[in-house]
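What the coordinates show
One-letter residues, chain by chain:
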Amino acid sequence: MRTIAIIKRDLKKFFRNPLIIIVSILMPMIYLIVVGNTVQGELKNLPVVLVDMDRGPYATRVIELVRAIEAGPKTIRVFYMSNPERAIEDVKQGKYAGALIIPEGFSRDVIRSQGAELGLFMDNIDIISANAVHASVLAAVPFLTKEHISVRVDTTRPILKSVELSRKIDYDQSLVPGVVVMAVFMGALSTGVFNLIMDRFLGIHESYLVTPLNKMDIVLGLIVSGLILTTGIAVIVFAASSMLTGIFMFLGLSTYIMIIALIILTSLGLLGLMFILLGRADHPRIVGVFGGFLNVILFFPSGAIYPVASFPGWLQVFAKVNPEAYAVHALRSLMFRGGDIAAIRSDLIFLALFTTAVLTIAIVTFKRRL
Amino acid sequence: MPSVETGNLTKIYGKNRALDNVSFQVEDGEIFGLLGPNGAGKTTLIRILTTILLPTSGSARVAGYDVLSHPSRVRRLIGVVSQAMTSDLDLTARENLNVYGQFFEIPKRERLEKVEYLLDIVGLLEHGNELVASYSGGMRRRLEIARGLIHKPRILFLDEPTIGLDPQSRLVVWDLIRRFIKEDNITLFLTTHYMEEAETICNRIAIIDSGKIVALDSPERLKQEIPGSDVIELRLSGITNGIADSLLAIPGVREVALNGLIAKINLDNGAHLLPAIIDELRKYDVAIEDISMRQLTLEDVFIRYTGKSIRDEEIKKVSYFIGAGVPRRM
Ligand SMILES: Nc1ncnc2c1ncn2[C@@H]1O[C@H](COP(=O)(O)OP(=O)(O)OP(=O)(O)O)[C@@H](O)[C@H]1O
Ligand SMILES: [Mg+2]
């Protein structure tokens, strides 16, 4: 009852002063429009390593096609290597955006129509460039079959991701996951702990510190009301930005549910983080200054607008602990690849651990006295 | 069992001793007043007793529970009206009371009835659905008193409940407080700067100065410690040696203090002795330019214990980096 009282009180106050909510919705949208129209999204010169273990005629054909991309749209730059394990390892370390591996017996299988397999390995952290590599290689593969073989060969299987995913995602659309995460950030910053800071600033908090409310009531009450608002804000931004960029594909109910679950998880994590960082602040000015700073720190290195793999090393290390990077990655997978849990499992695990940790710390470190 | 009991309570802010070994008791059902100049430590003491501030050392029990080891027990039994206005501006009066009642887990039906009852009593029934932001200071204060009483506390702490209110509102506030106390046998612990208020309402008064309790007794007894029952103040055209001594020689004159051209005389039965004093002054050939006579009040006691000078207050540090925003009374 005490926690619910805090939640209701907070929601009431927010709906009476909807300015904050409106700004939290508008800011990510404006960001989408401005960035989407200023930064042009054609990615170029993404390093791809090619390993030819077949050395047969169709392998040569694949290499020609890849070279054609290198020379034409210049999406990729091709490097050659003979050891497939090293190539994959390098991709994992972010040296290459992808590795295209032509396995032994590839030409033979194509000729015998035995389901030839090409291997395309991509850095799954670096989604924007991975998508670009993926799309361009996939676009090239049909030529292989159409022009030279009349037999129907299932060459789609070798590409690691399914065919629907190859639909071309333009840059504006690829920004949507980041924009949604930014909406979560804005919501988390302007609800939750912010209400506590305003209460402190206005001297109102003294009146509830003398009541039986315990730490858990106060922190959870504020976080849950913040969660409700933040989720609402992020869902509105998700819907509006999808429409604005014309993504409206039907993702299926379960994917939508997963997207909302992901938004909730991310909101909880960021609300908890704000509580830890700003839990002792007593002036809204601190939130203003700190919020701008935090947004830069969390948002830009999240892979939302630029591939993480292209960051310098130290920033990549940071991206590994940045909850927004995981959220962006998971959301991108869900939106553009469908609801494949396996693709986002590690993101979910990280976010769940992160959220549990920050919420615990937020409650434990909350100062119940003046 | 005493309602409030402290032992050597000390609070140190940096080098400043806001409270210095404070020990006293407040009995059950008592109306206890804490008087002291600005910065004496009144709010600090109330904050410690109401469990929202930790003392540097010493102990305190409120309603039978130790504020350090059982703060949540204490919080259920006390009502608090802080010095600063603390009602929520974005909520209506009704919502403010209702939310507060929920914090104390009062069952819904009882709570809603209590809210209406309290709104009625503090005269806010008509404005109960208006935002507190639109209230005057007096209305807000009345609401906060109602809020402090919603859960039937055993002890009510009031930190300067009438500060900044006009005389009408002050009367209303004290009326309310008296009424509640009679009804529910609540112990009252209050601070105020208005001596007449303290004198009329309190059973006992503690005077605190620079963090130390310098006097503690009933208002009558405190006044008795000062010589005389009345005070005559005279402004003279000049002062001659020996005036003070010969005034003191008049039977019934208890104390004479000269301060520039002002003579302050403490005496018994002033109306009776006034002619004798005027006669005495004639002998010295000094004219009386102004004269006033009044009964001794608590204010005289207060000034006697705390002096006339404005305290050298240790001020709180504010951030020049972030800025303080609103001036806060802490
Ligand atoms: N948070 C704080 N940090 C540092 N010093 C403080 C703090 N709060 C109060 N003080 C200092 O402690 C002393 C006692 O302050 P307190 O507020 O208890 O006085 P008070 O008797 O309530 O005064 P007033 O009549 O003005 O309300 C003052 O010198 C004050 O400056
Ligand atoms: Mg005070």
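Residues numbered from 1 in each chain as written. Chains lettered and ligands numbered in written order. Predicted model: local features only at pLDDT ≥ 70, side-chain atom pairs only at ≥ 80, totals over all residues. Heavy atoms only, no water.

On to the overall build of chain A, then. For chain A, the helix and strand inventory stands at 15 helices and four strands. Within chain A, buried positions represent 59% of all 370 residues. Residue pairs in contact within chain A that sit at least 24 positions apart in sequence constitute 81% of those at least 6 positions apart. Counting only carbon and sulfur atoms, one obtains 66% of the accessible surface of chain A, whose full area is about 15800 Å². (Helix = DSSP H or I, 4+ residues; strand = E, 2+ residues; numbered from the N terminus. Buried < 20%, exposed > 50% of the residue type's maximum accessible area, 1.4 Å probe, protein only. Contact = heavy atoms within 4.5 Å. Areas by Shrake-Rupley, 256 points an atom, 1.4 Å probe, with all protein chains shown as cover.)

Okay, the domain arrangement of chain B next. Considered domain by domain, chain B is made up of domain 1 (4-222) and domain 2 (228-295). When each unit is reduced to the centre of its C-alpha atoms, the spacing between domain 1 of chain B and domain 2 of chain B is 42 Å. (Domains from an automatic or database assignment.)

Take the sheet that holds strand 12 (residues 253-259) of chain B next. Residues and elements named next belong to chain B. With antiparallel pairing, four strands are arranged side by side in an open sheet as 12-13-11-14. Strands with a single pairing partner mark the edges of an open sheet, and in this sheet they are strand 12 and strand 14 (288-295). Averaged over all pairs of adjacent strands, the angle between strand axes in this sheet comes to 15°, irrespective of strand direction. Bridge count for strand 11 (residues 230-236) against strand 13 (residues 262-267) is six bridges, and the pairing is antiparallel. Directly across from D230, in strand 13, lies its bridge partner L267. Seen against the sheet, helix 10 (residues 270-283) touches strand 11, strand 12, strand 13 and strand 14 and runs at an angle of roughly 25° to strand 11. (Pairing = 2+ DSSP bridges. Axes fitted to C-alpha atoms, helices over the stretch in contact; angles between N-to-C directions.)

Bringing the sheet that holds strand 7 (residues 155-159) of chain B into the picture now. Think of a sheet as strands paired side by side through backbone hydrogen bonds, with each pair either parallel or antiparallel. All names here are of chain B. Ordered in space as 6-7-8-3-9-10, the six strands form an open sheet in which the pairing is mixed. The open sheet is flanked by strand 6 (78-81) and strand 10 (212-217), the only strands paired with a single partner. On average, adjacent strands in this sheet sit at an angle of 15° to one another, irrespective of strand direction. The pairing of strand 3 (residues 31-35) with strand 9 (residues 204-209) spans four bridges and is classified as parallel.

Turning our eyes to something else, we now look at the packing of helix 4 (residues 108-121) of chain B against helix 6 (residues 167-184) of chain B. Residue and element names in this part refer to chain B. Their axes nearest at 11 Å, the elements helix 4 and helix 6 cross at an angle of 135°. One way to sum up the angle between helix 4 and helix 6 is to call them oblique. Packed against helix 4, whose contacting residues are Y117, L118 and I121, the element helix 6 presents L176, R179, F180 and E183 at the interface. In terms of residue class, the contact of helix 4 with helix 6 is built from five nonpolar, no polar and two charged. (Parallel < 35°, antiparallel > 145°, perpendicular 65-115°, else oblique. Nonpolar A, V, L, I, M, F, W, Y, C, P; charged D, E, K, R; others polar.)

Once that is clear, we can look at the coordination of the magnesium ion (ligand 2). Residues and elements named next belong to chain B. In the first shell of the magnesium ion (ligand 2), the protein supplies T43 (OG1) and Q83 (OE1), at 1.8 to 2.0 Å from the metal. In this pair, T43 is assigned in helix 1 (residues 42-49) and Q83 in the loop between strand 6 and helix 3 (93-103), connecting sequence segments 40 residues apart. With respect to burial, T43 and Q83 carry one shared label: buried. (Donors = N, O, S within 2.8 Å, 3.2 Å for Na, K, Ca; no water.)

Looking now at empty space enclosed by the protein. Considering all chains together, one arrives at six cavities of 30 Å³ or more under this definition. Here the largest cavity is characterised by a volume of approximately 80 Å³. In terms of lining, the largest cavity is formed by R9, I204, S207 and Y208 of chain A together with D88, L91, N96, V99, Y100, F103 and R147 of chain B. The set of elements that each furnish at least two residues to the lining of the largest cavity consists of helix 9 (205-209) of chain A together with helix 3 of chain B. Top contributing element to the lining of the largest cavity by residue count: helix 3 of chain B, with four residues. Among the residues making up the lining of the largest cavity, the classes are represented as six nonpolar, two polar and three charged. (1 Å grid on protein atoms, 1.4 Å probe; cavity = no way out; pocket = protein on both sides within 12 Å on 5 of 7 lines; lining within 4 Å. Points joined across faces, edges and corners; volume = space filled by probe spheres on them.)

As a further point, take the interface of chain B and chain A. Contacts between chain B and chain A engage 38 residues on the former and 30 residues on the latter. Between chain B and chain A, roughly 3100 Å² of surface is buried when both sides are summed, and carbon and sulfur atoms account for 60% of that area. For the pair chain B and chain A, the interface holds six salt bridges. When residues of the side of chain B that touches chain A are traced back to their parent elements, those giving at least two are helix 2 (71-77) and helix 3 of chain B. The element contributing the most residues to the side of chain B that touches chain A is helix 3 of chain B, with five residues. In terms of residue class, the side of chain B that touches chain A is built from 19 nonpolar, nine polar and 10 charged. (Buried area = accessible area lost by both parts, 1.4 Å probe. Salt bridge = Lys/Arg side-chain N within 4 Å of Asp/Glu carboxyl O.)

Another point: the pairing of strand 3 (residues 98-102) of chain A. Residue and element names in this part refer to chain A. In terms of residue burial, strand 3 counts as a mostly covered element, since five of its five residues are buried. Both faces of strand 3 are covered, namely the face carrying G98, L100 and I102 and the face carrying A99 and I101. In the sheet, strand 1 (residues 46-52) pairs with strand 3 via five bridges, with the strands oriented parallel. By the bridge assignment, L50 is partnered in strand 3 with L100. As defined by bridge partners, strand 3 adjoins strand 4 (residues 119-122) across four bridges and the pair is classed as antiparallel. Note that in strand 4 the partner of L100 across the bridge is L120.

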